[in-house]
2 protein chains.
Amino acid sequence: MSKYIIVGGVAGGATAAARLRRLDETAEIILFERGEDISFANCGLPYYVGDVIAERGDLLLQTPEKFRGMYNVDVRVCSEVTRVDTENRTVEVRSADGVYTENYDALLLSPGAKPLRPPIPGINHPRIATLRSVQDADRIRSLVGTGGSVVVVGGGFIGVELAENLRERGLSVTLVEAMPHILPIFDTDMISLLEDELRRHGVELALGDGVAGFEEQEDGGICVRLSSGRTVHGDFVALAIGVRPDTAFLDGSGIALGERGHILVNEYMQTNIPHVYAVGDAVLTRSAQTGKATALPLAGPANRQARLAADRMAGEARAYRGVVGTAALKVFGLTAAATGQNERALQSAGMVYGKDYRFTVIFPRHHVAYYPGAKELALKLIFRLSDGVVLGAQAIGAEGVDKRIDVLASAIGRSLTVADLEEFELSYAPPYSAAKDPVNMAGYAAENILLGRSIPLLPHELSAELAAGARLIDVRPPEEYHAGEIAGAQRIPLPRLRERLHEFDPQVPIVVCCKMGLRGYLAEQILRAHGFSVKNMVGGYTYMKMQHEERN
Amino acid sequence: MSKYIIVGGVAGGATAAARLRRLDETAEIILFERGEDISFANCGLPYYVGDVIAERGDLLLQTPEKFRGMYNVDVRVCSEVTRVDTENRTVEVRSADGVYTENYDALLLSPGAKPLRPPIPGINHPRIATLRSVQDADRIRSLVGTGGSVVVVGGGFIGVELAENLRERGLSVTLVEAMPHILPIFDTDMISLLEDELRRHGVELALGDGVAGFEEQEDGGICVRLSSGRTVHGDFVALAIGVRPDTAFLDGSGIALGERGHILVNEYMQTNIPHVYAVGDAVLTRSAQTGKATALPLAGPANRQARLAADRMAGEARAYRGVVGTAALKVFGLTAAATGQNERALQSAGMVYGKDYRFTVIFPRHHVAYYPGAKELALKLIFRLSDGVVLGAQAIGAEGVDKRIDVLASAIGRSLTVADLEEFELSYAPPYSAAKDPVNMAGYAAENILLGRSIPLLPHELSAELAAGARLIDVRPPEEYHAGEIAGAQRIPLPRLRERLHEFDPQVPIVVCCKMGLRGYLAEQILRAHGFSVKNMVGGYTYMKMQHEERN
């Protein structure tokens, strides 16, 4: 009979325990959890803070008792594993009853990650809260009751979700982010849609400004001093500047850790020590696209890894393909989702726009425009120029966003190309999509670029083009002028273009621009067929407008 | 300069014309459309009837003038191509101005399909309407104004969408279907969810009963006599019993047609005659899964085919992979969608359940249960036993249905397996999904069956099992008993199972059943580990309940 010990009872640990039991009815399985709860809904915590989830009990997906009853797992909560002795295969456990050791045949580590609390002056003030556990959420809820304003520090997923939820509860919210933009999973060109949505709902953004210190104010509130010298004030502070693996207890165990404390594992979720496995937010996993080591603290991969680790522990083997990095979040009325690599990741891996990769941006409706309630979404699709493989996608809009990213995530997970996207036969009826789904459209637009049928120009490339003498043509129909003027452009609506070709000088390069890129593409074909040198503004005026200067 | 002629200006024809122009700015392109409109929203017609789409103009996606302006295509509406002379490469056209011929270098046929009107007595009554054009929809709208009741004949997509829309307008609606069930794209086991939804909204269903004749009543209404002898009455009748390709004009052209009049094409959408192409509802295309000839009158494939045909006509070539058969529709509060092959198709191709294929049915929430508004969906996943390739999927529920089917459609289009589904990394935040998306869950459940970890029992197989002496165990927790009693089952909640193993006789086979299949799977593992012979009811009691007898 095997004896399995699992450290950590949230996503990864609980999943692994359940899977181990299903594979091995006779094994002894002990699950240690430092906190009070196992398998609670971490991802729901911001919504509990926001009272969207009103019942605390709804967050507790499993009680130790229920879990024990279903899976015959010896669940020990409030039990912290403080040391691992891989020589003797034992763990040291500290609980209310004292300290004891427990031996194992195989050990699975799923300790998770804990919020960063860097040594900033004043950071230990009691009204500066982080969010990891249900108890943390209780704490923030109690702080909400005492104040009318909050400073959320950190513009990642949790920070943004907290900002939204606290704002929805009526607080004045300032969101501080040290980087120039929030949510680095999105490229800078897309992020204004989300930053604008936050501002539109009254969240004040302080971007590109780190925290220099926290000071208590006379009224009991907190003054947050920023690097720029600016100060922002809140009755309390929610700190969400990232996490680090909770692996200090592995010191001296011989289990190899990465630079930042992540547990190193192979494709079977095995550490460097025999019979010791690790999964979840605490491990350094691999990118399914590049094979590079990466840390990705998300629930989906944690669950997948836990299942594979349990399979391997119980004798069966399948290799983990690594993470694609798919994620979604709600920002007030918008959904934002992304999958694969963004430009930031590609560029930091040395890939160059125009040489190694390009992208398209389209703005389709989430279903046919003629059916009531159609909402526009922005969809950016990044692809490799050498072979058309889809590298990444980002989408933001009110409806149908997660659906398109899910289809694209499945494509990226299998290294499919833009031509594959064209061929996807997706479900269509007027309430759901169009005969050509946005995923198909993105595939078509990308292929036009890939095959050289369309030569894309980015907004930041326009000024150089104009300086070099290019002529900018706005081919929108007059009924679209109200959206704004395309500076420096001559207006020739597309249906008039063919009859005005004589006005163009074959020596002068042309840049065409329309509302969203499609009419521009048509104009491009007409002009090129007549021998002109022409480029099309990617995403048209809509995309151009998204690239506004920082307004803080 | 090439001269292209396109016959038919709706989905396929208009798409091909636009694509041809983008590929060849100098070509002469003539588009003939018999009706008044090109590129109108056929799929929106039922919603215009239902006043969901209130503006008639919204259906007219393109006017001949706008299309001409954008694409420089010679659009000729109210112009019917009555004959094709493939020897001399001409078409004969009948318009208000008379009859003339037009020659072509290449010809693309996209004539579509027209509603069936079989020679049933009385079928030519003026209050029996079909729905193909905007004018047809106008006609039905005018009939709605005159009456309070309608008989919809035909339970396919258009019939069901019409039934819904007419019911939403307050009419008494009877839906007549000759087959035992509506919407053959769904298997019989799933369809009760949709039939119940129709009934719940007051649509009366007359299933398994064909139409024997129509008779005018004294009040001007119509009595529909059914094969069973039963009669149903309506102020008017909407006839939607299917379509046939509108290809009579090809008689004598030498263009090869199938038995039922479909144009035969190869993977480049070429007919047997050089320079003649065909796309859309009028062609016999191929299944991407089986390679077999199939007719699939859907807008998505028509568009795809049109683009490929235009590419080929203009010199570039890519082969059409064939259709997967993805479709969706709204039925009041539910969305129903399907992709790939259903059991009916598999069985008619000679495949046998349990030998060649199996399926799983799961009932996940569309997002985590703890986030408000979670809705259950039913998801059936069919897979091949030899290699785990996903063959088909069907889903029905209030939310998130089309999303899951789209991901599965992309998987089926690339012959992926249930193991691939497990690995899809799909976007997750509480408002959108769960850490394990329903697609992942379906993959896991299917793999358990595929690998023999779970031995599934179908509801209709249960009685034989019981007759052979099997013992049926209801492992639901007591709080789920209110949903209904599992007839003949002994109740042993899962957490009590391990302590009651001594009550079981190793000689007696066991069938376990829970609410939806998951606890049953856990019970199955426990019992099998202890040496018992055990099967698990697929989809649990929830699926069992869906298999009710016909109630008409």
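Under an unreviewed UniProt entry, the name given to chain A is FAD-dependent oxidoreductase, and the organism recorded is Selenomonas timonae.

**Q** So what's going on with the side chain of A:S133? Which residues, and what values?
**A** With respect to the secondary-structure elements, A:S133 resides in the loop between β9 (128-129) and α4 (134-146). With near-sequence residues (within four places) excluded, A:S133 lies in contact with A:F40 and A:L45.

**Q** Can you lay out the pattern of salt bridges for me, pointing to particular residues and giving the numbers?
**A** Scanning the model with the defined rule gives 82 salt bridges over all chains in all. Close ionic contact of A:E80 with A:R94 constitutes a salt bridge, the shortest N to O distance being 3.8 Å. With A:E80 in strand β4 (residues 80-85) and A:R94 in strand β5 (residues 90-95), this pair connects stretches of sequence that are 14 residues apart. The closest approach of N and O atoms between B:D246 and B:R34, which form a salt bridge, is 2.6 Å. With B:D246 in the loop between β17 (243-245) and β18 (263-264) and B:R34 in the loop between β2 (28-32) and α2 (45-49), this residue pair connects regions lying 212 residues apart in the sequence. Judged by relative accessible area, which is 8%, B:D246 ranks as buried. Exposure remark for B:R34: the relative accessible area of 40% places this residue in the partly exposed category. Through salt bridges with shared partners, a single ionic network connects A:R304, A:R318, A:R321, A:R414, B:D420, B:E422, B:E423 and B:E447.

**Q** Which residues make up empty space enclosed by the protein, and what values go with them?
**A** A full pass over the atoms with the stated rule returns three cavities of 30 Å³ or more. Residue lining of the largest cavity: A:R21, A:R22, A:E25, A:M70, A:Y71, B:R498, B:L522, B:Q525 and B:I526, and that is the complete set. Only α1 (11-23) and α3 (64-71) of chain A together with α14 (518-529) of chain B provide two or more residues apiece to the lining of the largest cavity. No other element matches the three residues that α14(B) contributes to the lining of the largest cavity. Grouping the constituent residues of the lining of the largest cavity by class yields four nonpolar, one polar and four charged.

**Q** Give a detailed account of the packing of helix α1 (residues 11-23) of chain B against helix α7 (residues 299-313) of chain B, specifying residues and quantitative values.
**A** Residues and elements named next belong to chain B. Contact geometry of α1 with α7 gives a least axis separation of 8 Å together with a crossing angle of 35°. Once α1 is placed against α7, the crossing between them reads as right-handed. Between α1 and α7, the contacting residues are A11, G12, T15, A16, R19, L20, R22 and L23 on the first element and A302, N303, A306, R307, A310, D311 and M313 on the second. Grouping the constituent residues of the contact of α1 with α7 by class yields eight nonpolar, three polar and four charged.

**Q** Tell me about helix α4 (residues 134-146) of chain B, and please be specific about residues and values.
**A** Counting along an α-helix, one turn takes 3.6 residues, and residues three or four places apart therefore face a common direction. If you check α4(B), its first and last C-alpha atoms are 19 Å apart, about what 13 residues at 1.5 Å a residue would give, namely 18 Å. Regarding α4(B), the residues found buried are B:V134, B:A137, B:I140, B:L143 and B:V144.

**Q** Describe the sheet that holds strand β10 (residues 149-153) of chain A, and please don't skip the residues or the numbers.
**A** Residue and element names in this part refer to chain A. Spatially, five strands are ordered β9-β16-β10-β11-β12 in an open sheet, and the strand pairing comes out parallel. With partners counted over all chains shown, the strands left at the sheet margins are β9 and β12 (203-207), one partner each. Packing of helix α6 (residues 188-200) onto the sheet brings it into contact with β11 (172-177) and β12, and relative to β12 it is tilted by some 135°.

**Q** How would you sum up the relation of the copies chain A and chain B? Please name residues and give values.
**A** The transform that puts chain A on chain B rotates by 180° and translates by 0.0 Å along the axis, for an RMSD of 0.0 Å. Such a combination of turn and shift is consistent with a two-fold rotation axis. A shared interface surface links the copies, since 100% of the contact residues of chain A are contact residues in chain B too.

**Q** Describe the domain arrangement of chain A, listing the residues and the values that go with them.
**A** All names here are of chain A. When the domains of chain A are assigned, the result is domain 1 (3-113 + 244-313), domain 2 (128-241), domain 3 (333-450) and domain 4 (456-546). Taken over C-alpha atoms, the centre of domain 1 sits 30 Å from the centre of domain 2. Listed by partner, the interface residues are 21 residues for domain 1 and 15 residues for domain 2. Counting each side, the surface lost to burial between domain 1 and domain 2 is near 1500 Å², with a carbon and sulfur contribution of 53%. When the buried surface of domain 1 facing domain 2 is broken down by residue, L45, P46 and V49 rank first, second and third, together holding 38% of it. For the interface between domain 1 and domain 2, the tally reads three salt bridges.

**Q** Report on the interface of chain A and chain B, specifying residues and quantitative values.
**A** In this assembly, 85 residues from chain A lie in contact with 85 residues from chain B. Roughly 7000 Å² of surface becomes buried between chain A and chain B when both sides are summed, with 55% attributable to carbon and sulfur atoms. The interface formed by chain A and chain B holds 22 salt bridges in total. For B:E25, the salt bridge goes to A:R498, with nearest N and O atoms at 2.7 Å. On the surface where chain A and chain B come into contact, there are 35 residue pairs in polar contact (both at pLDDT 80 or more).

**Q** Report on the environment of A:Y320, specifying residues and quantitative values.
**A** Residue and element names in this part refer to chain A. Its place among the elements puts Y320 in the loop between α7 (299-313) and β22 (327-331). A residue is classified by how much of its surface remains accessible, and Y320, at 10% relative accessible area, is buried. Sequence-wise, Y320 and L308 are 12 residues apart; in three dimensions their C-alpha atoms are separated by 7.1 Å.

Conventions we followed
Residues numbered from 1 in each chain as written. Chains lettered and ligands numbered in written order. Predicted model: local features only at pLDDT ≥ 70, side-chain atom pairs only at ≥ 80, totals over all residues. Heavy atoms only, no water. Helix = DSSP H or I, 4+ residues; strand = E, 2+ residues; numbered from the N terminus. Contact = heavy atoms within 4.5 Å. Salt bridge = Lys/Arg side-chain N within 4 Å of Asp/Glu carboxyl O. Buried < 20%, exposed > 50% of the residue type's maximum accessible area, 1.4 Å probe, protein only. 1 Å grid on protein atoms, 1.4 Å probe; cavity = no way out; pocket = protein on both sides within 12 Å on 5 of 7 lines; lining within 4 Å. Points joined across faces, edges and corners; volume = space filled by probe spheres on them. Nonpolar A, V, L, I, M, F, W, Y, C, P; charged D, E, K, R; others polar. Axes fitted to C-alpha atoms, helices over the stretch in contact; angles between N-to-C directions. Left-handed = near helix turned anticlockwise from the far one by under 90°. Expected span 1.5 Å × (residues − 1). Pairing = 2+ DSSP bridges. Least-squares fit on C-alpha atoms with pLDDT ≥ 70 in both. Domains from an automatic or database assignment. Buried area = accessible area lost by both parts, 1.4 Å probe. Polar contact = N/O pair within 3.5 Å; in protein donor to acceptor, adjacent residues only side chain to side chain.

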